[in-house]
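# What the coordinates show
So you can see what is in the structure, the chains are spelled out below.
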Amino acid sequence: MLTFYRSLTHPKQLTVYCLLLTACYLPLAAFCQEVKESKGVYQFLTEDPTQKPFFSDRQGVVGKNGMVASAHPEASRVGVEILQKGGNATDAAVAVQFALAVVHPSAGNIGGGGFLVYRTKKGKNYTLDFREKAPLQGHKDMYLDADGNVIQGLSMTGHLASGVPGSVDGMVKIHQKFCKLPWTELLQPAIDLAEKGVVLTAREAAGLNRIKNDLKKLNPNTTYFLRQDGRDWHLGDTLIQADLGKTLRRIQAQGRAGFYEGETATLLVKEMQRGKGIISAQDLQQYQSAWRKAIVGQYKGYKLITMPPVSSGGVALMQLMKLVEPYPLKRWGWHADSTLQVMIEAERRVYADRAKFLGDPDFVKVPIKQLTSTDYLRQRWQDFSFDKATDSKAVKGGDIAGYESTETTHFSIVDKDGNAVAITTTLNGGYGSRIVVEGAGFFMNNEMDDFSIKPGVPNMFGLIGNKANAIAPSKRMLSSMTPTIIEKDKKLYMVVGTPGGSTIITSVFQTILNVLEHGMTMQQSVNALKFHHQWLPDKTLFENGAFTENTIKRLQARGYILEMQRNTIGRMDCILVRPDGSLEGGSDPRGDDTSVGY
Ligand code: GLY
C-alpha cells in the first residue's frame, strides 16, 4: 500500500493510474447516468446517448430581490409589481390568486379552494386550508342511484358537483394575518384584467374552445367565455369578463361579505337552484378556512415544510422521501433502473396508505405520526425485492395499531426579505363543473369528485378511497395538492408545487430529488421528464423519453407494467435559492407557466 502511495508521486506511474481510473470510471458513469457539471451546465451521461432527459432546454429566470413563478405570464407580472411596490410575498400571493382567477379560468379561481404553505423570513411556518366543503345537504350516497350504483358524471359536471368555495375566505384570512398593502390594492390588478380584457395565449384559447359545447349545454343562454360571433377563440384574442370584474369589485369593497353574502351569494344560490344544486346561503355564510399545523420532516440535512390533511400531499411526500432516504439514489443516478424501482415501489405503498387512512382531520383521525415514522416505513419495505415488481393487489394500506387533468394550478413566491409562499389552488377538473354563475361570471368547482363517492370506485384520477374520505355535510374532500417549502441549514432553500391531480405528489417528489440528489438546477428539475405510479391501477405512467429503451426492457422483465403517456406530467412552478442568495425561478415549459423576477 505504501508503495502504491509513493508511486502516486511518480509522474509516469501517476499517469498510468489516471488512465486506468478513467477507463474504469467512464463506463460506470455512463451506466449510472450520473449528472456532471461542466462550466455550470449540467450534462447527463446516460447509457443511451440519444436520450434527452428534459422536456425542453428552457433556462431558469434569475432575480436578486424577488421571484414569482406561476401558470400565467400576466399573473406573475402582477405578483412582481406588488413586490416592487413594497408588498411582501403574501401580498403578492393574494394578488396572484385573484389575477389567476381572471387570466387562467381553467384552474385559477374564486369558485374553488386550495392550500397555503408559508414560511416567514424568520423561519416560522404556517399553513392555511381553504379547501372546499361538502354542502350541508351533502350525504355519502348523493351520487348513487336507488340500486346503489354510481350515477356517471354527477360528481364531475353540473351543479351537484360543487363544494362550497374557500378561495375568497382563504385570501381574506391571509390578508388579515400577514399582508402589508391594503386589500383594495391587491384586488385592483385582477379587476383591471377582467374589465380591460386579457389577451389569450394559444393554450387558453384552445382550452375555451374545447369546452364550448359543455358551456352551451350546461349554461343555456350564457355568453360567458364564448366569442360574440360564435367562432372559436384564437391566440391574441381579447377576453373581457365584465361580470367577473363586478364580482371582484364587490369582493374588493366588502371583503369576505362581497362573496359569501349580498349580491354574489344571492347569484350563486340562484345558480344552484337553476340546476338542482344544493349549496345554500347558510353554506356560504358558514364557510371558514382553517389554519393547520404543517407537516414538518427531515430528508438528510433538509427540512421539509408541507401541507397536512385534508391534503394527502404532505403526508405522502414525507413518506416517499423517508422511504427512499436509505438508498444511494445519487450514486445510482437519475432514472437508473434501481432508482426507478425504489421510487416506484415507494409510490405503490404510499398511495395504498392514502386510500386507506387519509381524509378530513375534522371528521376522521388521520394517523400522521405513525404513517411518517421510520419504524412503520421500514416495515413497508419488507416485501420489496429488486428481482420482481411487487403486485399492487398484494399491497394493502399498512397496519397501524390503534389523485385530473392537470387543471389545478400552483404558484411560488419569494420576496426580498426571504418570506416564501407556496399556494396550490383548484377547481378540480379543467373549468371545474363547467357551470358559470349567471350574473357573477365565474366557474364553480367540481371538487365533490375528490370524495370517495362509493368505496372502491375510482375518481376522475383513478384514485380509490373509502370511509375516511366518504361524503358528510361540511366535510372537506381529500386532496393531493402538495405545496412545499424546503430549508437547508435553517435557511430558505426551495419552494415547490404543481397541478396534476393524483400526479401532484409524485411530481413534487421527483422535482425535489432532482435537485437534492441529482444536482439539477431548478429549471432543469422542472424540465426533467417525469413518471408516476399510484398503486392502482398497477402501472407506471411515463413521459416520452423519461426511460431509456433498455431500462424499459429490463423493468418489464421484472414485471413492471409501463405505459407511455400521451399527455405530459406536471406543471411545476418553483423557486430555488442559489448559493449566492439569488433566486432561480423554474416554470414549466409544458404550459404557459412563467417566472418573473427582479
Ligand atoms: N382536485 C385535485 C386535488 O385536490 O388533488
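Here's a quick rundown of the structure. (Residues numbered from 1 in each chain as written. Predicted model: local features only at pLDDT ≥ 70, side-chain atom pairs only at ≥ 80, totals over all residues. Heavy atoms only, no water.)

### Overview of the overall build of the protein chain
- A count of helices and strands for the protein chain gives 20 helices and 21 strands.
- Taking 25 Å as the expected radius of gyration for a compact globule of 598 residues, we find that the protein chain reaches 24 Å, a close match to that expectation.
- Summarising its shape, the C-alpha atoms of the protein chain cover approximately 90 × 55 × 45 Å along the three principal directions.
- Total accessible area on the protein chain stands at roughly 23,400 Å², and carbon and sulfur atoms take up 54% of it. (Helix = DSSP H or I, 4+ residues; strand = E, 2+ residues; numbered from the N terminus. Rg over C-alpha atoms; globule rule 2.2 N^0.38 Å. Areas by Shrake-Rupley, 256 points an atom, 1.4 Å probe, with all protein chains shown as cover.)

### Regarding empty space enclosed by the protein
- Considered as a void within the structure, the largest cavity measures approximately 80 Å³ in volume.
- Ala101, Gly108, Asn109, Phe442 and Phe443 are, among the 13 residues lining the largest cavity, the residues nearest its centre.
- Partitioning the lining of the largest cavity into residue classes produces eight nonpolar, five polar and no charged. (1 Å grid on protein atoms, 1.4 Å probe; cavity = no way out; pocket = protein on both sides within 12 Å on 5 of 7 lines; lining within 4 Å. Points joined across faces, edges and corners; volume = space filled by probe spheres on them. Nonpolar A, V, L, I, M, F, W, Y, C, P; charged D, E, K, R; others polar.)

### Some details on the nonpolar core
- Of all hydrophobic cores here, the largest spans 83 residues; its most connected members are Met321, Val324, Met494, Ile512 and Leu516.
- No other element matches the ten residues that helix 15 (residues 337-357) contributes to this core.
- Not counting residues within four places of it along the chain, the set of residues in contact with Met321 comprises Tyr299, Leu304, Phe509, Ile512, Leu513 and Leu516.
- Among the nonpolar cores identified, the runner-up in size contains 75 residues, and Ala95, Leu244, Leu427 and Phe442 belong to it. (Core = buried A, V, L, I, M, F, W, Y, C linked by side-chain atoms within 4.5 Å. Buried < 20%, exposed > 50% of the residue type's maximum accessible area, 1.4 Å probe, protein only. Contact = heavy atoms within 4.5 Å.)

### Focus on the pairing of strand 17 (residues 540-543)
- Residues Thr540 and Phe542 line one face of strand 17 and the alternating positions Leu541 and Glu543 line the opposite face, and both faces are buried.
- Pairing between strand 16 (residues 531-532) and strand 17: two bridges, direction antiparallel. Paired with His532 across the two strands is Leu541, which belongs to strand 17.
- Note that strand 17 and strand 18 (residues 562-565) share four bridges and pair parallel. Among the inter-strand pairings, Thr540 is bridged to a residue of strand 18, identified as Leu562.
- What joins strand 17 to strand 18 is helix 20 (residues 549-557), and the crossover it makes is right-handed. (Pairing = 2+ DSSP bridges. Right-handed = clockwise from strand over helix to strand, strands pointing away.)

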